[in-house]
Structure formats: C-alpha cells, structure tokens
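These are the residues of each chain, in order.
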Amino acid sequence: MITRKKLPLQCRLALFLAATIASIGHAASGSSTRSLDLGLATQKDSQAYALLNELTSRIGPRMSATEKGAEAESFVYEKLRQFGFRNVRYEPFQMASWKRGSIDVTVEGRSIPAAAMVYTPAHADLSAEIVEVGNGTAADYAQDYDKVRDRIALVYMGTLPESPSATPYLPRWEKLALAIGHGARGVIFINPVAGNRLVTGNAGGSANVVAVPVAVIGHDDGLRLREELQGKGALHATMRLDNTVGVGTARNVIATLPGTRKPGQIIVLGAHLDSLDLATGAVDNGSGAMWVLDVARAFAVHRVHPERTIQFVFFMGEEEGLLGSYTHVRRAMRANTMGQVWYMINTDMSVNPKGLKLWGGAPDLALPGSK
Ligand SMILES: [Zn+2]
C-alpha cells in the first residue's frame, strides 16, 4: 500500500536534472524557461506513486521471463503509449528462467519454514546430516576441511555478531561456492535479519542454475538450529524442492523522444523494472522504474520537445545479473551507436538513494552550475 503523496526530494531533484539535461540546448540559446516549467509542473501533478501503487497491487512481484514479468513489461509499454509516445518498442532477450515451486525442509523430522533461492535446481530430494559452519568463510573450514562433505551446510548469511573483527564479509554466492567446494550437497542459509522472515535472492550470483539445493530459513529458527547443532554436532535433515527452470524471454521496454536539433545525441533515463518473487518490489525497483515512467509521462503530457533525444529504458533481468542492460549495451556496441549516448541516469531504489551518479563523455554538456 502506497500512502506517500509527495515525491521524495531525491526524485524531484533527479526529475529536475533530467528535464534540465534534456533541454540544455534550449538554455544555451536563451529559452530555459521550458525546462524549469517542466520540473515545477511535475512536482504538482506527479503520478509516480499512483503508478507504483498500480504496478505493485495489480501485478506485484515481476520476475523476468515469467508471466508476471511479461505483464509488467506490457504495463509499462501500454502506459507509454497512453501518454502519447509513438516510438515505444520491446527489446527481447533470452535468459535462464526460474520459477518457484514447492519446498520442504526438515530437521529430525521437524518442518522448518524455508524459501528456495533463485536458480536452485529444479528438483532435489536430499536426505543428509546437517552441520553448522558459522559465517561460512574460509576460516570456518580451517579446523575441519571436510566438515560439510556429503552433508548439508548451515551458513549464516551475514556476519555473526560474535565474529572476530577481522572476519571478511563475503556475499552469499561466495559462501555457497566455498560450501560446494568443500563437498556440501545442500546449503541452508540463515537470514541475518531478526525475526523469522524469509528472503530470496540469486543463489549463485549469475544467471545459472547452481549445483546443489539452496534454501533460506528465518533468523530465529536458524539461530535455534545452530545452537542445537553446536551441542550435538550433526542432525538428520531433508531438503525437498520442486522448481521450474528453463529458457525464457524477457523484454526491456524503450521509449524514444526524438531530439529536435541534435537527435543523434542521446540522454538515457533508465531503471530496472523486474523484481524477485517474494515481495512486490515496491522499493527495488518499482520506485525507480515508476519514477522514469513518470518523467516520461511529464515530457509527453507537457509536450516538451528536447533538443537532444531522450530514451526512457526499463530494463529486465537485473536481479539475475544485469542481463537486460548487458543486452542493451551489447546491441548498441554492435550497431556502433554507443557513441551517441551522452549521459545515462540510472535509478535503483530512488526512495532510498545512496547517491546520484552521472556517466557521460560529452565535455561541453556540463550540468548547470558545474565547470
Ligand atoms: Zn535494484
């Protein structure tokens, strides 16, 4: 449920930047008022939160190369057409698709709520001892190299509070690779966030099915199990999973607003539209994608005709490893059009920004106030 009515400061700033960058040519020729009007007008009639509400309540989770992912792509495509864009297109690409099925994790016959991680294998029916390996870093295998061999490894996904200060932070796919390297037949991660929430994520860090079943259990359940294992050494566990894996198609959505004077110079506003599947992805990255959609809407409804071309790009396949953006860049490189892109503004989780970055290679296209 979206309740905030006003765009966050960062969104408004970025919107202003987008409007300003697109019309720097106007500013240089002495007609800068149009860009300022757009920035102010959009703050008043923003539909970003309404669009986000519609996306997250009507479609919800939208994993790439699934039916919901395709619905989200169509949603954005249709909106852009409704806003008046004539040049809207899909940019399809193939990727490994993964769809959640059933999961059952037990320890000594007790069922523990669990979620499969994305790209865990299609089927698993594993019965083995479970052992705990702390944070699952290399140091946790130093005492007993074969501790998890032919077993299920219980690994804390973050860094346990009692860990030595020099403990390295490893992403979960590195912990998974270590466990597999030490012979684990399955891995169960403990969610480091207090409570018993389940999370999801890409198990192996790339768009490939990993070698062993990988699941996440809640923090509180996980710490209880860890204590039990520390007392007993090993317990009997099972992991039964059924998921759907295969090859699917996802589609970036691209709307182009042609420049009036310098159509060969392109400003790209982009955001990934896809999410994973256990939540609606309102923040990551419904917020960024609907911001881009609202900026596009503002340009269309206020009939702003920038001197440079603006491309609004909604990427898919980001959560699986930036697949949509790689596709987009690869195609531009093959077509020898990368040199036309003067700036790209990417927004991811724009309601919780860590900063603003601009990329570009155009020395005479400076932001207002910059040298
Ligand atoms: Zn994101």
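All residue numbers here refer to positions counted from 1 along the written sequence of the relevant chain. In view of the model being predicted, local features appear only for residues whose pLDDT reaches at least 70, and side-chain atom pairs are presented and counted only at 80 or more, with totals across whole chains, interfaces and linings using the full set of residues.

*Asks:* I keep staring at the overall build of the protein chain and nothing clicks. Help me out?
*Replies:* What counts as a helix is a DSSP run of H or I of at least four residues, what counts as a strand is a run of E of at least two, and both are numbered from the N terminus. When you go through the protein chain residue by residue, the secondary structure sums to nine helices and twelve strands. Across the 371 residues in the protein chain, those meeting the buried criterion constitute 44%. We call two residues in contact whenever the C-beta atoms placed from their backbones are within 7 Å. Pairs at least 24 apart in sequence give 79% of the contacts found in the protein chain among residues at least 6 apart. To sort residues by exposure, count the other C-beta atoms lying within 10 Å of each residue's C-beta; 20 or more gives buried, 12 or fewer gives exposed, and values between give partly exposed, all with C-beta atoms placed from the backbone.

*Asks:* I tried to follow helix H8 (residues 282-301) on my own but got confused; where do I start?
*Replies:* Expected span of a helix: the number of residues minus one, times 1.5 Å. The end-to-end C-alpha distance of H8, which contains 20 residues, comes to just 25 Å, noticeably less than the 28 Å that a straight helix rising 1.5 Å per residue would cover. Among the 20 residues that make up H8, 17 are buried, leaving the element largely enclosed by the rest of the structure. One or two residues past the end of H8 sits Arg303, with phi positive at roughly 50°.

*Asks:* When you look at helix H4 (residues 48-59) in this model, what are you seeing that I'm missing?
*Replies:* Owing to its 3.6 residues per turn, the α-helix brings residues three or four apart onto one side. End to end, H4 covers 16 Å across twelve residues, agreeing with the expected 16 Å (1.5 Å per residue, within 8%). A positive backbone phi angle near 75° is found at Gly60, which sits one or two residues after H4.

*Asks:* Explain the nonpolar core to me, please; I cannot follow it from the model alone.
*Replies:* Proteins that are soluble and globular tend to have nonpolar side chains buried together. Each nonpolar core comprises buried Ala, Val, Leu, Ile, Met, Phe, Trp, Tyr and Cys residues, the members being joined through C-beta atoms within 7 Å. Core analysis: the biggest nonpolar cluster contains 87 residues, and Ala153, Leu154, Val155, Val187, Ala215, Val292 and Phe314 have the highest contact counts within it. When residues of this core are assigned to domains, at least three fall in each of domain 1 (9-87 + 258-360) and domain 2 (97-245). Setting aside its immediate chain neighbours within four residues, Ala153 contacts Val131, Val133, Gly136, Val148, Ala179, Ala184 and Val187. How far each domain reaches was decided by an automatic or database domain assignment.

*Asks:* Which parts of the structure should I look at to understand the packing of H4 against H8?
*Replies:* Pairs of packed helices are described in terms of their axes, by the angle between the two and the distance that separates them. The convention used is that axes are lines fitted to C-alpha atoms, helices contributing only their stretch in contact, and that angles between N-to-C directions extend from 0 to 180 degrees. Where H4 contacts H8, the two axes come as close as 9 Å, and the packing angle between them is 130°. The angle between H4 and H8 places the two elements in the oblique class. Seen from above, H4 lies across H8 with right-handed handedness. Each of Ala48, Leu51, Leu52, Leu55 and Thr56 in H4 lies in contact with H8, whose residues at this interface are Ala282, Gly286, Ser287, Met290, Trp291, Leu293 and Asp294. Each residue is assigned to one class: nonpolar for Ala, Val, Leu, Ile, Met, Phe, Trp, Tyr, Cys and Pro, charged for Asp, Glu, Lys and Arg, and polar for all the others, Gly among them. Residues that form the contact of H4 with H8 fall into these classes: eight nonpolar, three polar and one charged. Convention used here: angles under 35 degrees read as roughly parallel, angles over 145 as roughly antiparallel, angles from 65 to 115 as roughly perpendicular, and any remaining angle as oblique. Handedness of each helix crossing follows the sense of rotation of the near helix against the far helix: counterclockwise by less than a right angle gives left-handed, clockwise gives right-handed.

*Asks:* Would you mind showing me how to read the pairing of strand E9 (residues 262-272) here?
*Replies:* Each regular strand shows side chains that alternate between the opposite faces of the sheet. Any two strands between which DSSP finds at least two bridges are classified as paired. Alignment of E9 against strand E10 (residues 308-315), held across eight bridges, turns out to be parallel. Its bridge partner lying in E10, Ile266 is registered against Thr309. In this fold, E9 hands off to H8, which returns the chain to E10; that crossover is right-handed. Bridge count for E9 against strand E11 (residues 341-346) is five bridges, and the pairing is parallel. By the bridge assignment for E11, Gly270 is matched with Asn346. Crossovers are marked right-handed if the path from the first strand over the helix to the second runs clockwise, as seen with the strands pointing away from the viewer.

*Asks:* Can you help me understand the environment of Ala298 in this one?
*Replies:* Of note, Ala298 is situated in helix H8. On a C-alpha basis, the gap between Ala298 and Asp45 in space is 8.6 Å, while along the polypeptide they are 253 residues apart.

*Asks:* Would you mind going over the confidence of the model for the protein chain with me for this structure?
*Replies:* In regions of low pLDDT, the predicted coordinates are not meant to be interpreted in detail. This prediction gives the protein chain a mean pLDDT of 87; 83% of its residues lie at or above 70. Segment residues 22-33 is flagged for pLDDT under 50; beyond a separation of four residues in sequence, or across chains, it makes 20 contacts in the model. With pLDDT under 50 throughout, residues 367-371 is counted as low confidence; its partners more than four residues away or in other chains account for two contacts. pLDDT expresses, on a scale from 0 to 100, how confident the predictor is about each individual residue.

*Asks:* I would appreciate a short explanation of the environment of Lys262 in the present structure.
*Replies:* Its location among the elements puts Lys262 in strand E9. Each C-alpha atom, one on Lys262 and one on Arg308, is 4.9 Å from the other, the two residues being 46 residues apart in sequence.

*Asks:* Can you help me understand unusual backbone geometry in this one?
*Replies:* When glycine is set aside, most residues are seen to have a negative phi, and most peptide bonds are trans. Residues Asp284 and Asn285 are joined by a peptide bond in cis, for which omega reads 0°. Among the structural elements, Asn285 can be located in helix H8. Residue Ala65 is not a glycine yet carries a positive backbone phi of 60°. Along the chain, Ala65 turns up in the loop between H4 and helix H5 (67-83). The exposure class of Ala65 is buried, given the 25 C-beta atoms found within 10 Å. The backbone phi angle of Asp150 is positive, close to 65°, even though this residue is not glycine. Tracing the sequence through the fold places Asp150 in the loop between strand E4 (123-132) and strand E5 (152-156). Classification of Asp150 as exposed rests on a count of 10 C-beta atoms within 10 Å.

*Asks:* Would you mind going over the environment of Ile152 with me for this structure?
*Replies:* Turning to its location among the elements, Ile152 is positioned in strand E5. Taking the C-alpha atoms as reference points, Ile152 and Glu132, 20 residues apart in sequence, are found 8.5 Å from one another. Ignoring anything within four residues of it in the chain, the contact list for Ile152 reads Leu126, Ala128, Ile130, Ala184, Arg185, Gly186, Val187, Ile188, Ala237 and Met239.

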